[in-house]
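Listed below, chain by chain, are the residues.
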Amino acid sequence: MDLSDAVIVNSSRLKSVVWNDFDRVKKGDTCVAVCRHCKKRLSGSSTSGTSHLRNHLIRCQRRSNHGIAQYITVREKKKEGILAHANFNVDQEQRKDEMLNLVNVKFEQDPMKDETVNTGNNNFDQRRSRRDLARMIILHGYPLAMAEHFWFRVFVKNLQPLFEFVTLDIVEADCRDIYVEERQKVSEVLDKLPGKISLSADLWATYANAECLCLTAHYIDESWQLKKKILNFVMVDHSHTEDMLSEVIMSCLMDWDIDRKLFSMTFDSSSTNDNIVFRIRDRLSQNRFLYCNGQFFDVRCAANVINLMVQDALEALCEVTHKIQESIQFFKSTEAMQAKFNEVAQEVGVQSKRPLCLDHSSQWNSTYVMLEVALEYREAFSLLQENDTVYTMCPSDIEWERVTLVTSCLKLFVEVANEFTKSKSSTANIYFPELCNIHLQLIEWCTNSDACISSLASKMKSKFEEYWDRCGSGLAVAAMLDPRYKMKLVEYYYPLIYGSSASERIDDVFHCVKELYNEHSICSPLASIDQGLAWQVGGGARCSPASRDRLMGFDKFLHDTSQSEGTKSDLDKYLEEPLFPRSVDFNILNWWKVHTPRYPILSMMARNVLATPMSKLASEFAFSTERRMLDRDWSSLNPETVQALMCSQDWIRSQIES
């Protein structure tokens, strides 16, 4: 509308405060309200009311936010809609772990000028808000499409009307940008590490009929804190051969430039992984990147080995387990039956306060609990079968005895698995005594007079010994680096396990310790320059292949002559000194941090060995019989976006936790 000849109407009837910011212009019979700030024209008719004018002033980007409360209606100010924080009694201890400490969250402080809107005392930053939305989606695993959900948009619009909504594609692009930025930070951390890096590899299932290879780095940082970060989350299909998978892993290592800094890799036990490990170790050994020619490189997940043995135990007990499951369902079928069972239990003197329970098929520890409780009601099962002709599923006495033995076996496995996962930062030294106890129990079970039990024990022992032959030395070396035990723990357990051949086995462990120590000594940055030892800057890197080939004999000569001259090494001093007292709150990483000046070379070795992930299962998956599954929404995204989301989620989460 052309307002060149229009006139401004000054009327005493315009009582609303909105007219302080609008001019009412009349041309002919038409009235228009013109915003004095942005010059936008809206209806100024007396029949139109002023609500639309109030809404415009709240959203007007050229108007200061000062005094905006006067335009908010009384309905919007109702006390019922305001949270009175004083009326809440919050258990601070309970919520401490659930709340995000916003003080530690670093927001971007360089907003783009053309996207910043001044709203009084605050600056609304469209770009920063978009990034916050992307970080929220990443951290909490929300679907990217939530940015386009109707009620999410309603919520945001009511919260901040100035926010301009973005499409799914823009959210995806923002998530990738965050991944690139966070990846650079992780790369800088890995580049400056004082020690080596160990990797663990997991295969996740997806809803897209594919698999994802998850590579996680484990290391001890300069503050002697055990850290882990997901480095890659690569989509692979079932057609990938062992050659292709090993190439994928090598590409990831070189992409992060950590192939020279690798100490070990942890896989599940399988023949497929055997071949993958062999190919990767062969490649790295050719370049002399691995200590002791890769002797400590191949590590298998201890929790996975336990799970394999558990499956053998449950398979051997499947028939009687089925009987117990059917019995429990029968007892709980009606209230009358439940009352009758309780009466019988009381009659036979059952003292248990725990009710019968069914197991969950995907959690093997729940089967252990079901069997353990059922054993407490064993007499009630038997008496009920005698008195009730309908109930015929009671296990026999022999079956109950087998349940007793297998349950004791499962109890040990549950206790060990809990020990492995009780801390988010379990160092490699904790595994040796726990696995030695399993080894001893398997030896004992193999001598059981029940052929079924002895056969089961032999089957489990075969799986365990295959693992032990591969990882036993590494476990023993890690235990030796615990100042509470040193070599004494090996000297205690090996005679129990190996009998007359124990001394040879102990000597083998000590030889491994010395060989690993000597290689750390040769490549230590603390070695004298006058000795001609090559050292690559970067804290803990190995000497270059060429220099090692030239001076290897000289290094050995120096080591031998220094020993003959009576100079004690870090290792000698460490082993000769008394054991550190055992205590519940002992922190091995703090101990090595404090004693690094006294044992500079041995502490380098401890940093690398103790960071080895002897078990790679988190506590929530320690008892799972199912593979880890990628979220359904994220499974539908392209592989590059999936990797960006999974890695960024892990990195952001670790920032918040630390």
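Here the structure is a predicted model, which means the values were calculated and not measured.

**Student:** How should I be thinking about the packing of helix α8 (residues 302–316) against helix α14 (residues 431–445) in this particular structure?
**Tutor:** Axis angle and axis distance: for two packed helices, these are the angle between their axes and the distance between the axes, and together they describe the pair. Where α8 meets α14, the closest approach of the two axes is 12 Å, and the angle between their N-to-C directions is 20 degrees. Judged by the angle between their axes, α8 and α14 are roughly parallel. Here α8 and α14 pass one another in a crossing that is left-handed. From α8, A302, I306 and M309 reach across to α14, where they touch Y431, L435, I438 and L442.

**Student:** For this particular structure, what's the right way to read the pattern of salt bridges?
**Tutor:** Any two side chains of opposite charge can pair, given that their charged atoms come close. In the structure shown here, the tally under the stated rule is 33 salt bridges. A salt bridge links R378 to D397; the shortest N-O distance between them is 3.8 Å. On the criterion of sequence distance, the pair formed by R378 in helix α12 (residues 378–387) and D397 in helix α13 (residues 397–421) is long-range, its members being 19 residues apart. Judged by relative accessible area, which is 53%, D397 ranks as exposed. Look at the salt bridges and you will find they share partners, linking D274, D298, R300 and R470 into a network.

**Student:** Just checking my understanding: could you explain the state of the cysteines for this structure?
**Tutor:** Two cysteines, two sulfur atoms, one covalent bond between them: this is a disulfide. All told, the structure shown has zero disulfides when counted by the stated rule. Free cysteine: C38, not disulfide-bonded; nearest cysteine sulfur from C35 at 3.7 Å. C38 gets classed as partly exposed once you look at its relative accessible area, which sits at 27%. Note on C292: no disulfide assigned, nearest cysteine sulfur contributed by C512 at a separation of 7.4 Å.

**Student:** Is there a simple way to think about the packing of α13 against helix α15 (residues 451–480) in this case?
**Tutor:** Axis separation between α13 and α15 bottoms out at 10 Å; the angle between their running directions is 25 degrees. Taken as axis vectors, α13 and α15 run roughly parallel relative to one another. Crossing angle aside, the handedness with which α13 passes α15 is right-handed. Between α13 and α15, the residues in contact are R402, L405, V406, C409 and F413 and C452, I453, L456 and M460, respectively. Taken together, the residues of the contact of α13 with α15 break down into eight nonpolar, no polar and one charged.

**Student:** Hey, could you run me through unusual backbone geometry in this one?
**Tutor:** Leaving glycine out, the prevailing phi sign among residues is negative, and the prevailing peptide bond configuration is trans. A positive phi angle, close to 55 degrees, is found at R288, a residue other than glycine. Tracing the backbone through its elements, the reader meets R288 in the loop between α7 (271–286) and β11 (298–300). With a relative accessible area of 33%, R288 lands in the partly exposed category.

**Student:** Would you explain the packing of aromatic side chains in this entry?
**Tutor:** How two aromatic rings sit relative to each other is given by the distance of their centres and the angle of their planes. For the coordinates displayed, the defined rule picks out 32 aromatic pairs. Judged by centre distance (5.7 Å) and plane angle (85 degrees), the rings of Y574 and Y599 are edge-to-face. In this pair, Y574 is assigned in helix α19 (residues 570–576) and Y599 in the loop between α20 (588–595) and α21 (600–610), connecting sequence segments 25 residues apart. Relative accessible area serves as the criterion here: at 1%, Y599 is assigned to the buried category. Joined through ring pairs, the aromatic side chains of F432, F464, Y467, W468, Y492, Y493, Y494 and Y498 make up one cluster. When the ring centre of W256 is taken as origin, the NZ or CZ atom of R183, which lies over that ring, is 3.9 Å away. Looking at K486, its charged tip hangs above the ring of Y574, at a distance of 4.5 Å from the centre.

**Student:** It is not clear to me how the pairing of strand β10 (residues 262–267) should be interpreted in this structure. Could you clarify?
**Tutor:** Sheet faces and side chains relate simply in a regular strand, where the side chains alternate between the two faces. Burial analysis of β10 places six of its six residues in the buried class, which makes it a mostly covered element. Where strand β7 (residues 197–205) lies against β10, four bridges are found, and the strand directions are parallel. Considered in β10, the bridge of S200 is made with T266. As defined by bridge partners, β10 adjoins β11 across three bridges and the pair is classed as parallel. The partner of F267 across the bridge, within β11, is R300.

**Student:** Please clarify how helix α1 (residues 51–59) should be interpreted in this entry.
**Tutor:** Structural remark: α-helix, 3.6 residues per turn; residues separated by three or four positions point the same way. All buried positions along α1 are accounted for by L53, H56 and L57. Summarising the axial view, the buried residues of α1 lie within an arc of 100 degrees, below the 170-degree limit, and thus occupy one face. Turning to α1, the residues buried within the fold contact β2 (22–27), β3 (30–35) and β4 (41–43).

**Student:** What is the right way to read the environment of A147 from this model?
**Tutor:** With respect to the element layout, A147 can be found in the loop between α3 (126–140) and α4 (150–159). In this structure A147 comes out as buried when scored by relative accessible area, which is 2%. Residues contacting A147, with those up to four places away along its chain left out, are L133, F152, R153, V166 and V171.

**Student:** Before we go on, may I ask you to explain the sheet that holds β10 in this structure?
**Tutor:** Within a sheet, each strand pairs with its neighbour through backbone hydrogen bonds, oriented either parallel or antiparallel. Pairing within the open sheet is mixed, and its five strands lie in the order β9-β8-β7-β10-β11. One side of each edge strand has no neighbouring strand; the edge strands of this open sheet are β9 (226–236) and β11. Each neighbouring strand pair of the sheet contributes to a mean axis angle of 25 degrees, computed without reference to strand direction. Running at roughly 130 degrees to β9, helix α6 (residues 242–256) makes contact with β7, β8 (211–220), β9 and β10 of the sheet.

**Student:** Can you walk me through helix α9 (residues 318–331) in this structure?
**Tutor:** For α9, which comprises 14 residues, the first-to-last C-alpha distance of 20 Å matches the rise-based estimate of 20 Å (1.5 Å per residue) to within 8%. Within α9, burial applies to V320, T321, I324, S327, I328, F330 and F331. On its buried face, α9 is in contact with α10 (335–347), α11 (364–376), α12 and α13.

**Student:** Quick question: what am I supposed to make of the side chain of D221 here?
**Tutor:** Tracing the sequence through the fold places D221 in the loop between β8 and β9. Here D221 is buried and forms no salt bridge, its nearest opposite-charge partner K227 lying at an N-O distance of 4.4 Å. Within the structure, D221 has its side chain in polar contact with the backbone nitrogen of Q225 (distance 2.9 Å). Discounting residues that sit within four places of it in the chain, D221 has contacts with L193, P194, K227 and R607.

**Student:** Which parts of the structure should I look at to understand the side chain of K196?
**Tutor:** Take K196: it is sitting in the loop between α5 (168–191) and β7. A distance of 3.1 Å separates a polar side-chain atom of K196 from the backbone oxygen of R260.

Cut-offs and rules
Residues numbered from 1 in each chain as written. Predicted model: local features only at pLDDT ≥ 70, side-chain atom pairs only at ≥ 80, totals over all residues. Heavy atoms only, no water. Axes fitted to C-alpha atoms, helices over the stretch in contact; angles between N-to-C directions. Helix = DSSP H or I, 4+ residues; strand = E, 2+ residues; numbered from the N terminus. Parallel < 35°, antiparallel > 145°, perpendicular 65-115°, else oblique. Left-handed = near helix turned anticlockwise from the far one by under 90°. Contact = heavy atoms within 4.5 Å. Salt bridge = Lys/Arg side-chain N within 4 Å of Asp/Glu carboxyl O. Buried < 20%, exposed > 50% of the residue type's maximum accessible area, 1.4 Å probe, protein only. Disulfide = S-S within 2.5 Å. Nonpolar A, V, L, I, M, F, W, Y, C, P; charged D, E, K, R; others polar. Phe/Tyr/Trp six-rings, centres within 6.5 Å; stacked < 30°, edge-to-face > 60°. Lys NZ or Arg CZ within 6 Å of the ring centre and 35° of its normal. Pairing = 2+ DSSP bridges. Arc of directions from axis to C-beta. Expected span 1.5 Å × (residues − 1). Lys, Arg positive; Asp, Glu negative; His and termini not counted. Polar contact = N/O pair within 3.5 Å; in protein donor to acceptor, adjacent residues only side chain to side chain.

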